[in-house]
Amino acid sequence: MLTREKETKEAGRLSFRAPVAVDGPAMYALVERCPPLDLNSRYCYLILCDHFASTCVVAEQDREVLAFVTGYIPPDRRDTLFVWQVAVDHRLRGQGVAGKMLRSLLERRGLKRIRYVEATVNPSNDASRALFRALARESNCHFDESLLFDAALFGAGSHEQENLVRVGPLDAVSKTLIGR
């Protein structure tokens, strides 16, 4: 389905909404412009927009996708939002857009049961680590980090290790703090 009505939330000059399949190519192009983010296949972004729209968000201005967060709920941890990828166009960096997108996801009616936010972050990605530390601070929750995937699993010298970061547990009070 290429078009669906999705909730749109105004945040300054950007609007935040769930993605639709036609956003996939723009998301792919944005990641191409955001090294060192891992570029997934075009098909992957189409599937994320179509199958996981309820756990993803795009930020757009004048119909141009300028940022996004992709995520999903792991089947064996229904109380957890796993953030797969965060991309922000260079024109918007340093303006708190990633945090606003993440908060807009957590405020969605369909994600009220979420108690934990997880993501993988490599050791050199200070911006992502800061995003999740800020979420923990804003929601008065714990921030934990541990090794998830050793670098050797990615092949010789091709990728840094990926650490699992976990924020939570979120409750009604912490979600109220996030929504401010």
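Just so we're clear, the structure is a prediction, and the values are computed from it rather than from any experiment. (Residues numbered from 1 in each chain as written. Predicted model: local features only at pLDDT ≥ 70, side-chain atom pairs only at ≥ 80, totals over all residues. Heavy atoms only, no water.)

### A short note on unusual backbone geometry
- At the junction of Pro35 and Pro36, the peptide bond is cis and its omega measures out at 10° in the coordinates.
- In this structure, Pro36 sits in the loop between helix H1 (24–32) and helix H2 (42–51).
- At the junction of Gly168 and Pro169, the peptide bond is cis and its omega measures out at -5° in the coordinates.
- Within the secondary structure, Pro169 sits in the loop between strand E8 (162–168) and helix H5 (172–178).
- The backbone phi angle of Asp62 is positive, close to 50°, even though this residue is not glycine. (Helix = DSSP H or I, 4+ residues; strand = E, 2+ residues; numbered from the N terminus.)

### What about the side chain of Thr80?
- Structurally, Thr80 can be placed in strand E5 (residues 80–88).
- Looking at Thr80, the relative accessible area reads 0%, which means it is buried.
- Polar contacts involving the side chain of Thr80 include one to the side chain of Asp79, which spans 3.1 Å. (Buried < 20%, exposed > 50% of the residue type's maximum accessible area, 1.4 Å probe, protein only. Polar contact = N/O pair within 3.5 Å; in protein donor to acceptor, adjacent residues only side chain to side chain.)

### Things to note about the pairing of strand E4 (residues 64–72)
- Across the nine residues of E4, seven count as buried, placing the element largely inside the fold.
- With five bridges joining them, strand E3 (residues 57–61) and E4 adopt antiparallel strand pairing. Each residue of the ladder has a partner; that of Gln61, found in E4, is Glu64.
- Linking two consecutive strands that pair antiparallel, namely E3 and E4, is a turn of two residues; a positive phi of about 50° is found at Asp62 within it.
- Pairing geometry for E4 and E5, over six bridges, is antiparallel. Pairing of Tyr72 across the sheet is with Phe82, part of E5. (Pairing = 2+ DSSP bridges.)

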